[in-house]
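Structural overview for review
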Amino acid sequence: MQGIVPDHAGPREGVADVTEAQIIEALLGFIDRGEATEAAFEEMALSVFAYQFANNQPYRRFAIQRSRTTLTVRHWRDIPAVPITAFKDLTLSCTAPEQAQAVFMTSGTTQGGIRGKSHHPTLVVWDRSMLVNFRQRFMQGRERIAMGILFPDEAAMPNSSLAHYLALAKQECGTPDSEGFIGAEGLDLARLIAALERAQASGEPYALLGASYSFVHLLDALAAAGRRFALPEGSRILDTGGFKGQSREMGADAFYDALSTTLGVPRAACINMYGMTELSTQFYDDGNAVCPPVKSGPHWVRSRVVDPVTGRDLPEGATGVLVHHDLAHFNCVSAILTEDAGIMTEGGFKLLGRVDGADSKGCSLAVAEFLRAARG
Amino acid sequence: MIERAGHLPALAVGEVEWRELDFAAWGESVQVSVPVLGAAQARALAEHVRENARAYLKTLPVAQIVATIDKAIARLLDRDDPWRRKADAILPIVTGYDRETVRLGLSGYLRTFRAPQLQRFLAEDFAHPGILDAFQPAMKGGFTRAYGPELLLHIWAGNVPGLSLWSLISGLLVKAGTIGKVASGEPLLAGWFAQILAEIDPKLGECLAIVWWQGGDVESEGIWLAEADTIVAYGGNEALTAIRDRAPVTARFLPHGHKIGFGAISAAALDTRRAGPLARLVAHDVIRYEQQGCYSPQMLFVARGGRVSPREFAELVSQELARFAHTHPRRALSVAEASGVSAWRSTEEMRAFDAPGRVVLGDAGDPWSVVCVETAEALAPSALYRTLKVVAVDSLDDVVPLVAPFRPFLQSAAVAAPPRELFAIAERLGAAGVTRICAFGQMTAPEAGWHNDGRFNLLDLVTITEIESTAEHAADGFAGYVD
């Protein structure tokens, strides 16, 4: 697939006429091609930008204000990145939001309860992006694995991208006896302990996947019950999302040490997934033997570390704010300025935590505290 | 460069554990050693300060304390004095504020503590300041005398240079044995001031200590809280709540939470001749301490109907901020701060797309941001670091409902309006919770005797002992000369 420029048009004229169906087809092809050179990524990125510039009116105005239009943008790095706070104020969608198949929302824990939204007219690209990447980075060649899910299911959380992610993982990559352990009553510890016991006895690898804070609850519950497990070789853990005030805070080393000793899964097999509601693709590390690990994404997403004020790239090794350019997030905007601090490094980037909520160094009231106060 | 913070009477440097805080700005760096006291050391120091204050400070006439503070301030105001030279050299590196801001800010601020201004502090709170020295006749009959705390604990916060001196000096004026906990953001000036006092009057130097502990170190904090009978604390409401919850119920707790300042400009102030200079004063208030002072403006309400429109005035302020960016460059921002500024600006830009009456001025890369909105918007913090929202209103009366819901966070408001309008709006702002109304250009320089957060700097610290007239009359009955 060499972009989606109609034969009769020169580059970037005419691409605005691209339909949703064409962009979806192009993206599915792009995801399936296995790899992409800088030039191929750039070409696809410019096509997606042209589509979004033509169809997403708030983004178009944002881009024009930044003097970045389809006429001036020549490189994917010049495509203007939208700060994720914008998802709370604006509907960033190329199609009518009421026709969306799914609307994923942020948990609203950080911004005074206001939830950012991402509209998906179809989940076909999202699902393909998730699965191709998940198989490569988490399944690592296995067709299926017995899974325990530490997160509510899609019925309980219909607007959670993580609930959808885990449902997809279980359905497409889990064995039939895979199950979820978080219900309306919270963690079903007895059932989970039984599953862990079965897994330990079976000798077959087992996978636990869920929110980082659910693992903290699990660790605390197992410690209280005095239980430890040695899951069979090949077992793995996937945690995501941090603690978000839903559990006690744990340092990364303490967290993975505890997982390793309590469940018998080596830190190298504890994979952290970094995803966002405002994206359609996830990032993974190759285990947490050493923290912070290097994170990376597949060939349809590229990341930059920028100075948040100027938006300019920072040199490798400098701490800045992460910008992700996720082509799979075609219906909203592909270029997102996050609130996550990071450093570019060989093979990807290191994630250094959130940068929002900087309090004033003086005695003036800062936005972060104001929001906390407003939240009560 | 290494600089030692604190002032620890009766403790030798070698007896104390020190921790290094590293600061870097403007291409220079400095390492500040802050003391980390053990529990026994802290308790002994508290006792030492309390005893010395009892034996010496409390016996001094308040006039003599004023004279000693005046001498110390004179040294800090003298640009050739080694202490002042040190302050001018090091505080910009520690706080990140540019040299001129520190120099001008410090000189302006220190002037509020010279002898005549200290008299003003005293006069503001006491009809007769002699009440701090001896019993004075009371209007209702009998006599009254004011006593300062035995041990007054200040917990300072923030990096605004010298912020600590306000409460530190207030405490000394009421003869309090004083423990000051410096903030990690500006750990030096309070200690220097204490050392200057000790140079001038060594016995006075035994009556106060300047200490440090890591913010959130509950154990260290608990020791000091248990020793103090009066606690003055600065910080965010979460930090203040934590301190209040651990302070003994018998201690007096005087919190100063974070605040949002704002400005209000009448149409009468917006003619073509006055608007330019006024915009410069607004910009001055914005750049001074990067809006990190509790008194700094974060929002500006501008009335329509003048010769210069709110939108044009916003442009003028933006131009002045551009000018200040050269003469007083913004300090380097951390990733978190820069991210906050960028998120604030981008959010405003995004909102501007859906609302024609909203304009974001300048470029995203500029080291300042001015947003102008034509529809009424409630008071909210800006992203600091020279970010300002200008809200157009039909008249100053419209400002009150926009700020009133935020009473706990109100303090300073600058008003530019003719006298009748000034008093009318002041009446309503005061009722809404604003405690200080000043001119533009003066927001970050409260005048001597200012009632911080609307409270009494000195009166809140003292307890009054009364000799009721009955005791006085009864005493006559026991006198040798009675018939």
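For clarity, every value in this text was computed on a predicted model and none was experimentally measured.

Criteria and thresholds
- Residues numbered from 1 in each chain as written.
- Chains lettered and ligands numbered in written order.
- Predicted model: local features only at pLDDT ≥ 70, side-chain atom pairs only at ≥ 80, totals over all residues.
- Helix = DSSP H or I, 4+ residues; strand = E, 2+ residues; numbered from the N terminus.
- Rg over C-alpha atoms; globule rule 2.2 N^0.38 Å.
- Buried ≥ 20, exposed ≤ 12 C-beta atoms within 10 Å, placed from the backbone.
- Contact = placed C-beta atoms within 7 Å.
- Pairing = 2+ DSSP bridges.
- Axes fitted to C-alpha atoms, helices over the stretch in contact; angles between N-to-C directions.
- Parallel < 35°, antiparallel > 145°, perpendicular 65-115°, else oblique.
- Nonpolar A, V, L, I, M, F, W, Y, C, P; charged D, E, K, R; others polar.
- Domains from an automatic or database assignment.
- Core = buried A, V, L, I, M, F, W, Y, C linked by C-beta atoms within 7 Å.

1. Regarding the overall build of chain A
Looking only at helices and strands, one finds 10 helices and 16 strands in chain A. Taking 376 residues into account, the globule formula puts the C-alpha radius of gyration at 21 Å, and chain A, at 21 Å, falls close to it. In terms of overall dimensions, chain A has a C-alpha envelope of 65 × 55 × 40 Å along the principal axes. Evaluated residue by residue, chain A yields a buried proportion of 48% over its 376 residues. Of the contacts made within chain A by residues no fewer than 6 positions apart, 65% connect residues no fewer than 24 positions apart.

2. A few points about the pairing of strand E15 (residues 335-345) of chain A
Residues and elements named next belong to chain A. Counting buried positions over the 11 residues of E15 gives nine, a clear majority of the element. Pairing of strand E14 (residues 320-326) with E15, which is carried by five bridges, proceeds in the antiparallel orientation. From the neighbouring strand, His 325 faces E15, where its bridge partner is Ala 335. Note that E15 and strand E16 (residues 348-354) share five bridges and pair antiparallel. In the sheet register, Ile 343 faces E16, and the bridge partner there is Lys 350. Joining the antiparallel neighbours E15 and E16 is a turn of two residues, in which Gly 347 adopts a positive phi near 85°.

3. A closer look at the packing of helix H1 (residues 20-32) of chain A against helix H5 (residues 124-139) of chain A
Two quantities define a packed helix pair, namely the angle between the helix axes and the distance between the axes. Residue and element names in this part refer to chain A. Look at H1 against H5: their axes get within 10 Å of each other, and the N-to-C directions meet at 5°. Judged by the inter-axis angle, H1 sits roughly parallel to H5. Touching Ile 24, Leu 27, Leu 28 and Ile 31 of H1 are Val 124, Val 125, Arg 128, Ser 129 and Val 132, all from H5. Class assignment of the residues belonging to the contact of H1 with H5 gives a composition of seven nonpolar, one polar and one charged.

4. Re unusual backbone geometry
A cis amide bond links A:Cys291 with the next residue in sequence, A:Pro292, at an omega value of -5°. Among the secondary structure elements, A:Pro292 is positioned in the loop between strand E11 (283-285) and strand E12 (294-296). At A:Ser67, a residue that is not glycine, the phi angle is positive and equals roughly 55°. Residue position: A:Ser67 is located in the loop between helix H3 (57-65) and strand E1 (82-83). One non-glycine residue, B:Lys175, lies in positive phi territory at about 65°. The residue B:Lys175 is located in the loop between helix H6 (163-173) and strand E7 (177-181) in this model.

5. Side note on the interface of chain B and chain A
Taken together, the contact between chain B and chain A spans 42 residues of the former and 35 residues of the latter. The biggest single contributor to the side of chain B that touches chain A is helix H13 (residues 335-354) of chain B, with 16 residues. Of the residues belonging to the side of chain B that touches chain A, the class tally is 20 nonpolar, 18 polar and four charged.

6. Observations concerning the domain arrangement of chain B
Residue and element names in this part refer to chain B. Each assigned domain of chain B is listed with its residue range as follows: domain 1 (2-258 + 457-467) and domain 2 (260-438). Each of domain 1 and domain 2 was reduced to a C-alpha centroid, and the two centroids are 33 Å apart. The partner domain 2 presents nine residues to the 11 residues of domain 1 that form the contact. Broken down by element, the residue count for the side of domain 1 that touches domain 2 peaks at three residues, all from helix H4 (residues 99-110).

7. Concerning the nonpolar core
By size, the foremost hydrophobic cluster in this structure holds 257 residues, and its most contacted members are B:Val317 and B:Val390. Here this core gets eight residues from one element, more than from any other, and that element is helix H2 (residues 38-55) of chain A. Leave out the neighbours within four places in its chain, and B:Val317 touches B:Ala279, B:Val282, B:Ala283, B:Val370, B:Leu388 and B:Val390.

8. Considering the environment of B:Arg246
Residues and elements named next belong to chain B. Relative to the helices and strands, Arg 246 is located in helix H10 (residues 237-246). Through-space distance from the C-alpha of Arg 246 to that of Leu 459 is 24 Å; in sequence the pair is 213 residues apart. What Arg 246 contacts, discounting residues up to four positions off in sequence, is Glu 221, Gly 222 and Leu 225.

9. Some words on the sheet that holds strand E14 (residues 369-373) of chain B
Residues and elements named next belong to chain B. Read across the open sheet, the seven strands follow the order E13-E14-E15-E12-E11-E16-E17; overall the sheet is mixed. Each end of this open sheet is capped by a strand with a single partner; those strands are strand E13 (358-361) and strand E17 (436-438). Strand-to-strand twist across the sheet, computed as the mean angle between neighbouring axes with direction ignored, equals 20°. Relative to strand E12 (residues 297-303), strand E11 (residues 260-265) is paired through five bridges, and the arrangement is parallel. Paired with Gly 263 across the strands is Leu 300, a residue of E12. Helix H11 (residues 272-287) contacts E11, E12, strand E15 (387-393) and strand E16 (410-416) of the sheet and is inclined by roughly 160° relative to E12. Against the sheet, helix H15 (residues 419-432) engages E11, E16 and E17, with an angle of about 170° to E16.

10. Looking at the sheet that holds strand E2 (residues 17-25) of chain B
Residues and elements named next belong to chain B. Judged by pairing direction, the sheet is mixed, and its three strands sit side by side in the order E1-E3-E2 without closing on themselves. With partners counted over all chains shown, the strands left at the sheet margins are strand E1 (2-4) and E2, one partner each. Between one strand axis and the next, the sheet turns through 25° on average, direction left out of account. Both E2 and strand E3 (residues 28-36) contribute to a ladder of nine bridges, which runs antiparallel. Bridge pairing in E3 places Trp 18 opposite Pro 35.

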